[in-house]
Amino acid sequence: MTEWLIDTLVMTGVLMALVLLLRRPVARCFGAQAAYALWLLPALRFVMPPLALPAALAPTRWLAGLEVGVAQTSARAGEASAALPAAPEAAGIVLAAEPAPYPGPVPAEPEAWMQIPWTSALLLLWLVGALAFLVWRTWNYQMMRRQVLADARAVATAGRVRIVESPLVAAPLAFGVFDKVVALPFGFLASADSETSDFAIAHELEHHAGGDLIAIMALQPLFALHWFNPLAWASWRALRGDQEAACDARVMAGRDRAERARYGQLIASFAGHAPLALVAPMAGGLGGGKPIIQRLRALNQAETGPWRKLAARSLFALAIVAVPMTATVSYAARGQDDVSAATDLDVPPPPAPPAPPSVPSGVAAPLPPEAPAAPEAPARVGDIPPAPPAPPAVADEVAASAERAVRRAERRVTASSSPRLPGMHRSLWSRRWRVGLAGASRSSSACGL
């Protein structure tokens, strides 16, 4: 919301400055009504909501460069973390605690005014000022209307418009959107000639017919948003002058130069009166001579031809089409469009799980296997529970393996304890020892032992 408000403030200000620069050349080339129509551009930008575009329309080059940069940064960070040695604690090395550095002077706490959120405070001041501007304009208009109609005298009606005379009105003026009123100075119809009164009443009725009062009311929020901007106040004065000039052009359409001259004299006679808020006085949006002079010059200008009107409408249509280019644009997150598109498609439901096999009638269903019992907890901390007994086949195999190992160990001990003479091979000695042992046995047998 804050971003939209700031963008609207900036872009409407730019459009108002552009209209201030173009209104005079446009009025000379295409007429006063074309210059007045230019003020529709900032009004359209003010009511334009933010545009949410899909991620596919985002600037792809910028996004691609950003993603590549992020990927490279992540890869470099991963390589750097892999190249770092392991922490001493992870390697089992305990380092001595380093002495803490001297802290130095303690920094002073920031001042109270530095802790204020200035952005939020300025935003709140801006919105409060805009609200106060709208309240002031509405109250001023209601007080003016009440005072004008307090001692007014109805003199005529024109359709749904009441025509009254009031002693508080110095110049003819029109006001009201639902209850439309044209107020004339007290005794104006009796003192002025018929042509002058007809011109004055026709001018104010044209304000109601052309929707000028509705435009004044609808543009108040736009100028309330710029309540602090001098450019907006200059734009308001220029808008009121262009509105009066456009109304003059509609009233004087098809009139000759003599009627235009008398109409200009009527406008000049009401110049210099104090303006009123949210009304359309005959003297113009502001007092003073400069707006009146501009209106008189517009009356002397020749009417716009059909080709110029066509060119003006074409250029205005192009300007209307270009206004959305200034809207606040936001792009959807990448991948969100794919997710939303996938949800829009008809995705088939997942297959149902297979049903369990049916058990024939008369056959009892097998019971589920029992879970193994948990081992008993040791009685005391530190006691090791006895190992479970091994199966009989495993015990026999273990015993046979142990017996074979004992035999191999005995043979090794016997072989290592046999005498070895220097210079004789162990195999020769063992063979001779066996031969001698055999001869001794035969001799003992022969002796009858």
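Residues numbered from 1 in each chain as written. Predicted model: local features only at pLDDT ≥ 70, side-chain atom pairs only at ≥ 80, totals over all residues. Heavy atoms only, no water.

Looking at an unreviewed UniProt entry, one finds the chain named Antirepressor regulating drug resistance protein and attributed to Novosphingobium decolorationis.

Participant: How would you summarise the packing of helix H7 (residues 194-209) against helix H10 (residues 230-251) if you had to cite specific residues and measurements?
Facilitator: Where H7 contacts H10, the two axes come as close as 9 Å, and the packing angle between them is 115 degrees. As the angle between them shows, H7 and H10 are arranged roughly perpendicular. Along this stretch, H7 crosses H10, giving a crossing that reads as right-handed. Along its contact with H7, which presents Ala202, His203, Glu206 and His207, the element H10 presents Gln243, Glu244, Cys247, Asp248, Arg250 and Val251. In the contact of H7 with H10, the residues fall into 3 nonpolar, 3 polar and 4 charged. (Axes fitted to C-alpha atoms, helices over the stretch in contact; angles between N-to-C directions. Helix = DSSP H or I, 4+ residues; strand = E, 2+ residues; numbered from the N terminus. Parallel < 35°, antiparallel > 145°, perpendicular 65-115°, else oblique. Left-handed = near helix turned anticlockwise from the far one by under 90°. Contact = heavy atoms within 4.5 Å. Nonpolar A, V, L, I, M, F, W, Y, C, P; charged D, E, K, R; others polar.)

Participant: Can you tell me about the UniProt feature "transmembrane region" (unreviewed entry) in the chain, naming the residues and giving the values?
Facilitator: In the numbering used here, UniProt assigns the "transmembrane region" (unreviewed entry) feature to residues 6-22, 34-57 and 116-136. Helix makes up 100% of residues 6-22 and strand makes up 0%, while its end C-alpha atoms are separated by 25 Å. (UniProt positions renumbered as here; feature names shortened; annotations may be inferred.)

Participant: Please give an account of the nonpolar core that cites residues and values.
Facilitator: Formed by 37 residues in total, the largest nonpolar core has its most connected members in Trp39, Phe175, Ala183, Phe223 and Leu239. Looking at this core, the elements with two or more residues in it are helix H1 (2-30), helix H2 (32-37), helix H3 (40-47), helix H5 (118-150), strand S4 (173-175), strand S5 (181-185), helix H9 (220-225) and H10. With residues up to four places along the chain from it excluded, the contact list for Phe223 reads Met16, Phe133, Ala232, Ser235, Trp236 and Leu239. Counting 22 residues, the second-largest nonpolar core is a separate cluster that includes Ala174, Ala200, Cys247 and Tyr263. (Core = buried A, V, L, I, M, F, W, Y, C linked by side-chain atoms within 4.5 Å. Buried < 20%, exposed > 50% of the residue type's maximum accessible area, 1.4 Å probe, protein only.)

Participant: Please set out the layout of surface pockets residue by residue, giving values where relevant.
Facilitator: In this structure, the largest pocket spans a volume of roughly 870 Å³. What lines the largest pocket is a set of 34 residues, and nearest its centre among them are Phe30, Gly31, Gln33, Ala34 and Ala312. At the level of secondary structure, the elements contributing two or more residues to the lining of the largest pocket comprise H1, H2, H10, helix H12 (289-300) and helix H13 (306-322). Among the elements that take part in the lining of the largest pocket, H13 stands out by supplying 7 residues, more than any other. Classifying every residue of the lining of the largest pocket by side-chain character gives 24 nonpolar, 5 polar and 5 charged. (1 Å grid on protein atoms, 1.4 Å probe; cavity = no way out; pocket = protein on both sides within 12 Å on 5 of 7 lines; lining within 4 Å. Points joined across faces, edges and corners; volume = space filled by probe spheres on them.)

Participant: How would you explain the sheet that holds S5 if you had to name every residue and give the values?
Facilitator: In sheet architecture, strand pairing relies on hydrogen bonds along the backbone and comes in two forms, parallel and antiparallel. Taken in spatial order, the 5 strands line up as S2-S3-S5-S4-S6 in an open sheet, and their pairing is mixed. Of all the strands in the sheet, the pair left with one neighbour each is strand S2 (153-158) and strand S6 (280-281). As defined by bridge partners, S4 adjoins S6 across 2 bridges and the pair is classed as antiparallel. Across the sheet, residue Leu173 finds its bridge partner in S6, namely Pro281. (Pairing = 2+ DSSP bridges.)

Participant: Got a sec to walk through the pairing of S5? Specific residues and values, please.
Facilitator: Most of S5 sits inside the fold, with 5 of its 5 residues counted as buried. Pairing between strand S3 (residues 161-166) and S5: 5 bridges, direction parallel. Bridge pairing in S5 links Val164 to Ala183. Here S4 pairs with S5 via 3 bridges, running antiparallel. The partner of Ala174 across the bridge, within S5, is Val182. Linking two consecutive strands that pair antiparallel, namely S4 and S5, is a turn of 5 residues; a positive phi of about 100 degrees is found at Gly176 within it.

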